[in-house]
Amino acid sequence: MFCLSELEDTVRVPPSDLNLPLEVAIKKALQKLFLDKVLSIGLCVSIYGIKSIEGGFVLPGDGAATYKVVFRIVVFRPFVGEVIAAKFKESDSNGLRLTLGFFEDVYVPAPLIPTPNRCEPDPYNRNQMRWVWKYGDDEFIIDDSCQQIKFRVENISYPPVPTERAEDAKPFAPMVVTGTIDDDGLGPVSWWEACAPISDDED
Amino acid sequence: MRGALPNWGLTKGKGNWFHALVSSPASRHDQKNYIPTSFFDHHQKNITYLFSPITSNKIVRMKANAGTLTNFEVLDLLNSRGASNDTTRVIAPISTSEYTRLHVYDYLMETPACTQTQEIITNFSDQCKYFKLAKAEILNIINIRPSSTVNLAPILEEPSERGIDKKAKEGILKLVEALLPPPPIVEARGDNEEEETEEGEQS
């Protein structure tokens, strides 16, 4: 789920931070630049460490010192095929939306929900639709009561920043993870709790 | 060019149960020398030149994948930076750098990663060699800790074609049972006063 990435960038340390020890000031500037931002490599979670710092030049007309820094950051970038446990956030007629707490743009589109299924208006929440999986004679509901939902990553996409948006459009998601719950062991954890553990003979 | 940088983030956390369970002195996170993923190769390829997202006229040189991290390693890193220190969350207002870190920390504390240690992970990945699993599958198993065949199913890719039969799957599950500690008990959300166990507890 997480990777280390090594980056090299030019960092500007504002004059107000110049009284701090150098690595603390640079780390502060790096955090402001990269934390919580999505790069092409993923969502930056934390600065892992600084490998080298060069420079320290003060450019004309500017009070800040500029450093060339090589550093490593921890990014959230799941690989295709990874199984992740998430929580239910909302669902609509296109599919489900799951959240990881720190990352909320995990979508399970309708074709990747196990069939046969149906989508019905949620009796508890007027604006939402509810997905129900029909297996044999039983029906399994996917909604807020599921503690954990496991999904497998199918695709990660980084949609380009839109130039124009409607007023009421959803906030732009720079990184979208598409998942599937259509396989053994995936979907709400409660669906599989009834299965026997390894000591029993099962196929 | 500066030389070796001192370690930072020495945790002065209170002696909560997590610290007792996972002793992780910050000195292990010597940012210059510590190789966190002992069983993953460091891919030296993928050096790409990109435009920095922040100042679009600069080029950020990067190595996209400098090592994959298990959930435990990220949790360990966050702990060594003091994420478990509760006073930070209650008293001080949460700044941007804390927000993501705390959410990732909260998420990881509910996964099996919070009961693991570095030795357990290294030991487990060594033992997995007998089963000829792909590195991605070993990572998945460590992060998810499957406790039954049905939980293992979405992780293994084409098991029948690779000669992983039922006996091998049981062998893998027994190894998981023996080496990886069970995940924590998660309290149910909502009005449910009893504690509900995660899928790992049933075995």
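Definitions and cut-offs
Residues numbered from 1 in each chain as written. Chains lettered and ligands numbered in written order. Predicted model: local features only at pLDDT ≥ 70, side-chain atom pairs only at ≥ 80, totals over all residues. Heavy atoms only, no water. UniProt positions renumbered as here; feature names shortened; annotations may be inferred. Helix = DSSP H or I, 4+ residues; strand = E, 2+ residues; numbered from the N terminus. Rg over C-alpha atoms; globule rule 2.2 N^0.38 Å. Buried < 20%, exposed > 50% of the residue type's maximum accessible area, 1.4 Å probe, protein only. Axes fitted to C-alpha atoms, helices over the stretch in contact; angles between N-to-C directions. Parallel < 35°, antiparallel > 145°, perpendicular 65-115°, else oblique. Left-handed = near helix turned anticlockwise from the far one by under 90°. Contact = heavy atoms within 4.5 Å. Nonpolar A, V, L, I, M, F, W, Y, C, P; charged D, E, K, R; others polar. Salt bridge = Lys/Arg side-chain N within 4 Å of Asp/Glu carboxyl O. Expected span 1.5 Å × (residues − 1). Domains from an automatic or database assignment. Buried area = accessible area lost by both parts, 1.4 Å probe. Polar contact = N/O pair within 3.5 Å; in protein donor to acceptor, adjacent residues only side chain to side chain. pLDDT = per-residue confidence, 0-100.

An unreviewed UniProt entry lists chain B under the name DNA-directed RNA polymerase III subunit RPC9, with Brassica napus given as the organism. In its Sequence similarities (unreviewed entry) section, the UniProt record describing chain B reads: "Belongs to the eukaryotic RPC9 RNA polymerase subunit family."

As recorded in an unreviewed UniProt entry, chain A goes by the name DNA-directed RNA polymerase subunit, listed as coming from Brassica napus. In UniProt, chain A has this text filed under Function (unreviewed entry): "DNA-dependent RNA polymerase which catalyzes the transcription of DNA into RNA using the four ribonucleoside triphosphates as substrates."

From N to C terminus, chain A includes 1 helix and 13 strands. The helix and strand sequence of chain A, counted from the amino end, reads β-α-β-β-β-β-β-β-β-β-β-β-β-β. Rg of the C-alpha trace for chain A: 23 Å, well past the compact-globule value of 17 Å for 203 residues, more than 25% over. Put simply, chain A has 203 residues, and 51% of those count as buried.

On to the packing of helix H5 (residues 118–127) of chain B against helix H6 (residues 135–144) of chain B. Residue and element names in this part refer to chain B. Close contact between H5 and H6 brings their axes to 11 Å; oriented N to C, the two are set at 140°. As far as their axial angle goes, H6 and H5 are oblique. In the packing of H5 onto H6, the handedness of the crossing is right-handed. Each of Ile-121, Phe-124 and Ser-125 in H5 lies in contact with H6, whose residues at this interface are Ile-138, Ile-141 and Ile-142. Residue composition of the contact of H5 with H6, grouped by class: 5 nonpolar, 1 polar and no charged.

Here, UniProt's "domain: RNA polymerase Rpb7-like N-terminal" (unreviewed entry) annotation points to residues 8–63 of chain A. Annotated as residues 8–63 of chain A, this span is 23% helix and 45% strand, and its ends, taken at the C-alpha atoms, are 22 Å apart.

With that out of the way, let us pick up the side chain of Asp-105 of chain A. Residue and element names in this part refer to chain A. For Asp-105, the location among the structural elements is in the loop between strand E6 (95–99) and strand E7 (106–109). For Asp-105, a relative accessible area of 14% puts it in the buried group. Those residues in contact with Asp-105 that lie beyond four places of it in its chain are Arg-97, Leu-98, Ala-173, Met-175, Val-176 and Val-177.

Okay, the pattern of salt bridges next. All names here are of chain A. For the coordinates displayed, the defined rule picks out 11 salt bridges over all chains. Linking Glu-8 and Lys-68 is a salt bridge whose minimum nitrogen-to-oxygen distance equals 3.6 Å. Remark: Lys-68 occurs in strand E4 (residues 65–76) and Glu-8 occurs in strand E1 (residues 2–13); sequence separation between them is 60 residues. Note on Lys-68: relative accessible area 39%, which makes it partly exposed. One network of salt bridges, with partners in common, ties together Glu-90, Arg-97 and Asp-105.

All names here are of chain A. Between its terminal C-alpha atoms helix H1 (residues 22–34) stretches 18 Å, which fits the 18 Å expected from 13 residues at 1.5 Å a residue. Burial in H1 covers these residues: Leu-22, Glu-23, Ala-25, Ile-26, Lys-27, Ala-29, Leu-30, Gln-31, Leu-33 and Phe-34. Where H1 ends, the next residue or the one after it, Asp-36, has phi of about 70°, a positive value.

Moving on, we come to the domain arrangement of chain A. All names here are of chain A. Domain boundaries assigned for chain A yield domain 1 (2–76) and domain 2 (82–191). One C-alpha centre belongs to domain 1, the other to domain 2; they are set 36 Å apart. Buried surface at the junction of domain 1 and domain 2, both sides included, amounts to about 570 Å², of which 84% is carbon and sulfur. Contact with domain 2 buries area across many residues of domain 1, yet Val-38, Leu-43 and Phe-76 alone supply 72% of it, more than any other trio. For the interface between domain 1 and domain 2, the tally reads 0 salt bridges. On the surface where domain 1 and domain 2 come into contact, there are 0 residue pairs in polar contact (both at pLDDT 80 or more). For the side of domain 1 that touches domain 2, the secondary-structure elements that each account for two or more residues are strand E2 (38–39) and strand E3 (42–58). Residue classes in the side of domain 1 that touches domain 2 are distributed as 6 nonpolar, 2 polar and no charged.

Low pLDDT means the predicted atomic positions in that stretch should not be read closely. All names here are of chain B. Chain-level pLDDT for chain B is 64 on average; 53% of the residues reach the 70-or-more range. Counted against residues more than four places away or in other chains, residues 1–58, with its pLDDT under 50, gives 125 contacts. Prediction confidence for the complex, expressed as pTM and ipTM, is 0.71 and 0.79 respectively.

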